[in-house]
Amino acid sequence: MRDPHFSPVIIGVGEAIDRPTTLEQSLEPVALMAQALEAAQDDAGARVLAHVDTLDLVGLVSWRYVDPVGQLAERLGIDPARKTNASMGGETPIRLIHEAAVRIARGEQKVAAIVGGESTHSATRARRDKAKPPWTPLASAETAVRFPSSRFAMSPPAVALGMQDPAQVYPFYEMAAQAAWGETPAQAQAESADLWARYAQVAATNPNAWIRSAPDAATIAEITPDNRLINWPYPKLMVANPQVNQAAAILVTSLALARELGVPEDRIIHVWSGAAAREPEDYLLRDSYAHSTAQQTVLETAAAQVGGADRFAHMELYSCFPVVPKMALRTLGLDADKVPPTVTGGLTFFGAPLNNYMGHAVAAMTRRLREHPEDLGLLYGQGGYVNKHHALVVGAKAPDQPLAQDYSVQAAADAARGPVPVLVERYDGPATIETYTVRFGRDGAPQDGIVIARTPAGERLMARIAPDDQASMSPLLSMERSAVGTEGHVRVDVFGTLIWEAGAKRPRSLGKGEFAKVEREGPLTIVTINRPDVMNALHPMANAELAEIFDAFAADPDQWVAIITGAGDKAFSAGNDLKYTAEAMARGEPTRTPTTGFAGLTSRFDLDKPVIAAVNGLAMGGGFEVALACDLIVADESAVFALPEPKVGLAALAGGLHRLPRLIGLKRAMGMILTGRRVGAREGVELGFVNEVAPAGEVMAVARRWAQDILACSPMSIRASKQTVHRGLDTPSLEAAYRGQDAYPAVKALFRSADVREGPLAFAQKRPPKWTGR
C-alpha cells in the first residue's frame, strides 16, 4: 500500500452546462469554469478550493482572454501559487491530472484543480447575430493569451490544399485502416455507425450531454440534409460537435490530505498508472495511416500495468472520429459489445468542448467507479491529428504499487515506428493511393478528392482530384471497394497543385471550350473570353481554362502572336466574378487563381511572345489588369477602364497596382487607383495605356492589323526585343541593362536562329523574308 501522504487521488469532479434561451443569459467560458469548480468542491464534500495550490486551465478557443486562469482565480476568490493557462489538445485534461498526481507523489504540491470549458454555442450565435454577449470584453489577438500547442507543424502540401482541419485529416486514418483490416467501406461504415450508436446511448443517460436523442446506427449512417457528409466517409453524426457550452473540473490531492479535509472515503478515486507518447507532429511525416505506434504503445502499456486489458471494466476511448476508438479497441483486443468504450457519451453526442472533453470523461468515470468500487477504469485521451496520446488508469481501490514518476513511453513508440517516406512537393508521374478522403460542401456536393499517394520510388505526396473527374472520383466514393492501392498518375495543374488522375497518364487538356474560345489563323492565336452573360467575368474554372490556353500558346513554336478579347459587345471582362466568389465562400469552397495569374496572364512573366488586348467594352478590375498585362491595348471607342476594387473593399492585386503606375506615371495612376474612377478609350490613349482607339465594332479588325504588322517581323527578333525591354526595365541602370542584354536567353536564341540569316538575305535578294521562328 502506498504512503497516503504521497498517494494521489481524485476527490471531486464538477460539470456545468449552459443552454440559455437568449444571448443575454449566456455564460462566458470563465463563468462556466467557475461553476464547474464549485460543483467539484461540492462533490468532494469538503471546502477544498481554499487549499488549491495549482490551478491548470485547459486551453480554450471560444473566447479570447488576456489571462483566463488569473481571471478565474479572482472570480473564485483564490490565489494558487501556481496558475497555468495550459496547452491545447484533447489529451490535455488527462495529462494535467497525471502531472498533478506525479507532483503530489513527489510531495511537491498539495491540491491541484484542473478545469476547462467553452461557450462555443453562444459565441457562434453572437457572431451570427453580430451581437455582443455580456461577457468580459474580447481581448485583441495581440494581447490574448497564446496557449501552447495551439499550432502544429504542417507541411506545405497540406497548407496549400487547405488540409489543416482535423475533420479532414482523420478520414485518412479511417480509409487506410479499413484497407489494412480487410474491410470494405460499407462494412467499415456499418461498424462506425454501430459504435457511434453505443456512444449515443450513453450520452442519452448523461444529464450533462448536449445531445440526448440517442439516434440508432441506421440514422447515424444515413446521409440526409441534416446528416450531410462532411469529409468522406464521415457524415455530421460521426464528427465531433464543438457547438456546446460546457465546462468540467477535477480536484486532485493526496489521500492523507483528502482524509484530513474530511472528504468521504466513498468519494475518493485513486490514480493507478498511465502512459504517454506522441507521433511526429506533422501528419504527412508519419510512417503509416493504418495505425499509430504512439497510440498502440500507450494503450498496450496501460493494459500491461494492470495485468491485461480485460481488467478494464469501464473505459473512455477518445471519440472525435470513429477511427480513433476503432484502432484503440483493436489494440486492446476488446469487443465493444462486452466492454462499452465510453462512460460519457462521445464527442458527437455528449459534446466536444474542444480540448476539454476528457475532463467530462474523468467526471463520468469518477461517478461510475464510485458505483463500482471493485472495478478499474481506463481513460484514453488523444490530441491534435492523432498526434498526442495519453492513458490513465484509475480505480476506487488503492493500488499496491506507488505511482511511477516517469510515464513516457516515447522511446518504445519511436522504436516501433516504421520508416517515414520522403515527402515530395512537386512530381509528375505514376502514383498509387496510400489513403484518401473527399471534401464535401455545405450543399452536400463533393468539392474535391484529396489523396495521399506513393510514387514508384516510395516517396509520399498529397494531391487533389477535381470534382468533375468522374473516373478518378468514383473509386473514392465506392462503398464496395477501397480505393487504397488504386493506380494513377500525378501532374501539376495551372494552380500549381498536384492533381491525381486514375489510370494511365492523360494528355494535357486545353480546356473544354466552356469559358473561352480559341481560334488559330496561321501563327496568330485569337482567344475569346466566353462568358457574355456575366460580362465575361472570370471565376476559377474560366481562369484555369485561359491559363491552359496561354500555356499551349507559349509552348507552340508555330504560334507567334495572340489577341485576347471578350465575347459580345458589352465587356472585355468585368474582372472577378464576385457573385460566384460569394456563393463559393458560402459553400465553404476555396477560390483559387492560377499560378500564371488572372486569365493566365497577370502573373505570367516569362512569355516573350506578344499579346494584344482587343478591349471591346468594359475592362473593370481584373479585366483591366488582364489588359494591362498584355503588350498592346486596342480599345473600341466605347471601352471603359477602371480599378474599382476599393469600392467593394478589395484591391487590384493582380498586377494593376504595379503596372498602371509604370505605364502612365505615379500621379495619374493614383488618380485612377484611389478613386476607382472610370476612364474612356480616348483618355486611355492620352494617359498612355491604350495604343489605338478603334471605331465602334471594329476593335478586332484593328487588333488584327497590329498583329499582322508584328507578324511581318521576325518572331525571334520580336521575342528578343520584348524580353530585352522588360528585363532592362528591371535593371537598376541603363548601362547595366545595355551591357547585360547579350546574355538574355531570347537574344542568344535570336543569334542562333535561321531568322537572323534570313532577314539580311531576303533584303539583299529583294524578296519578303520567310520567317521560321526557329
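Here is what the cut-offs are and how they apply
- Residues numbered from 1 in each chain as written.
- Predicted model: local features only at pLDDT ≥ 70, side-chain atom pairs only at ≥ 80, totals over all residues.
- Heavy atoms only, no water.
- Axes fitted to C-alpha atoms, helices over the stretch in contact; angles between N-to-C directions.
- Helix = DSSP H or I, 4+ residues; strand = E, 2+ residues; numbered from the N terminus.
- Parallel < 35°, antiparallel > 145°, perpendicular 65-115°, else oblique.
- Left-handed = near helix turned anticlockwise from the far one by under 90°.
- Contact = heavy atoms within 4.5 Å.
- Polar contact = N/O pair within 3.5 Å; in protein donor to acceptor, adjacent residues only side chain to side chain.
- 1 Å grid on protein atoms, 1.4 Å probe; cavity = no way out; pocket = protein on both sides within 12 Å on 5 of 7 lines; lining within 4 Å.
- Points joined across faces, edges and corners; volume = space filled by probe spheres on them.
- Nonpolar A, V, L, I, M, F, W, Y, C, P; charged D, E, K, R; others polar.
- Pairing = 2+ DSSP bridges.
- Buried < 20%, exposed > 50% of the residue type's maximum accessible area, 1.4 Å probe, protein only.
- Phe/Tyr/Trp six-rings, centres within 6.5 Å; stacked < 30°, edge-to-face > 60°.
- Expected span 1.5 Å × (residues − 1).

Two elements in contact, helix α10 (residues 293-305) and helix α11 (residues 323-332), have axes whose closest approach is 9 Å; the angle formed by their N-to-C orientations is 45°. With respect to their mutual orientation, α10 and α11 come out oblique. In this structure, the crossing between α10 and α11 has a hand that is right-handed. Between α10, through Gln295, Gln296, Leu299, Glu300 and Ala303, and α11, the contact on the second element is made entirely by Val324, Met327, Ala328, Thr331 and Leu332.

Let's shift gears to the side chain of lysine 326. Tracing the chain through its elements places lysine 326 in helix α11. One polar contact links lysine 326 to glutamate 174, side chain to side chain, over a distance of 2.7 Å. Among the polar contacts made by the side chain of lysine 326, one reaches the side chain of serine 192 at a distance of 2.8 Å. Those residues in contact with lysine 326 that lie beyond four places of it in its chain are Glu174, Trp181, Ala188, Glu191, Ser192 and Leu195.

Counted as a void, the second largest pocket has a volume near 1200 Å³. In this structure, the second largest pocket is lined by 37 residues; those nearest its centre are Arg464, Ala466, Pro467, Asp468 and Met541. Elements with a minimum of two residues in the lining of the second largest pocket: β13 (446-454), β16 (498-502) and α16 (540-555). Considering each element in turn, the lining of the second largest pocket owes the most residues, 5 residues, to α16. Partitioned by chemical class, the residues of the lining of the second largest pocket number 15 nonpolar, 6 polar and 16 charged.

All right, on to the packing of helix α3 (residues 92-105) against helix α13 (residues 357-371) then. Two elements in contact, α3 and α13, have axes whose closest approach is 6 Å; the angle formed by their N-to-C orientations is 60°. The angle between the axes of α3 and α13 places the two elements in the oblique class. Along its contact with α3, which presents Pro93, Ile94 and Ile97, the element α13 presents Met358, Gly359 and Val362. Taken together, the residues that form the contact of α3 with α13 break down as 5 nonpolar, 1 polar and no charged.

Turning to the pairing of strand β15 (residues 487-492), a few remarks are in order. As paired elements, strand β12 (residues 429-440) and β15 share 4 bridges and run antiparallel to each other. Along β15, the bridge assignment pairs threonine 432 with glutamate 487. In this structure, β15 lies alongside β16, joined through 5 bridges in antiparallel fashion. Note that in β16 the partner of glycine 488 across the bridge is alanine 502.

For residues besides glycine, phi is generally negative; the peptide bonds are generally trans as well. A cis amide bond links tryptophan 232 to the next residue, proline 233, at an omega of 5°. Topologically, proline 233 is positioned in the loop between β5 (229-231) and β6 (234-235). A positive phi angle, near 60°, is found at serine 149, a position not held by glycine. Within the secondary structure, serine 149 is located in the loop between α4 (120-129) and α5 (156-160). Here serine 149 falls in the partly exposed class, since its relative accessible area comes to 26%.

Between two aromatic rings, the relevant description is the distance of the centres plus the angle of the planes. If you walk through the whole model with that rule in mind, you get 14 aromatic pairs. When the ring of tyrosine 170 is compared with that of phenylalanine 321, the centres are 4.8 Å apart and the planes differ by 25°; the resulting orientation is stacked. Of this pair, tyrosine 170 sits in helix α6 (residues 166-180) while phenylalanine 321 sits in the loop between β9 (312-317) and α11, placing them 151 residues apart in sequence. With respect to class, tyrosine 170 is no different from phenylalanine 321; both count as buried. Among the aromatic side chains, those forming a connected cluster through ring pairs are Phe152, Phe172, Tyr283 and Tyr385.

With that settled, the discussion passes to helix α2 (residues 68-76). Residues of α2 that are buried: Pro68, Val69, Gly70, Leu72, Ala73 and Leu76. Packed against the buried residues of α2 are α1 (29-44), β2 (54-57), β3 (82-85) and β4 (111-119).

Moving on, we get to helix α23 (residues 715-729). Look at α23: 21 Å from first C-alpha to last across 15 residues, which is about the 21 Å you get at 1.5 Å a residue. Residues of α23 that are buried: Pro715, Met716, Arg719, Ala720, Lys722, Gln723 and Thr724. Tucked inside the fold, the buried residues of α23 contact α25 (745-752) and α26 (755-764). By the N-cap criterion, in which a side-chain oxygen at the helix start approaches the backbone nitrogen of a residue two or three places on, α23 is capped by serine 714, the distance to methionine 716 being 3.2 Å.

With that out of the way, let us pick up the sheet that holds strand β24 (residues 640-642). Spatially, β20-β22-β24-β25 is the arrangement adopted by the 4 strands of the open sheet, whose pairing is mixed. At either end of the open sheet lies a strand with only one pairing partner, and these are β20 (571-573) and β25 (679-680). As judged from the 2 bridges shared by β24 and β25, these two strands associate in the antiparallel manner. For valine 640, the partnering residue across the bridge sits in β25 and is glycine 680. Strands in contact with helix α18 (residues 622-629) are β20, β22 (618-620) and β24; relative to β22, the strand with the most contacts, it is inclined by about 95°.

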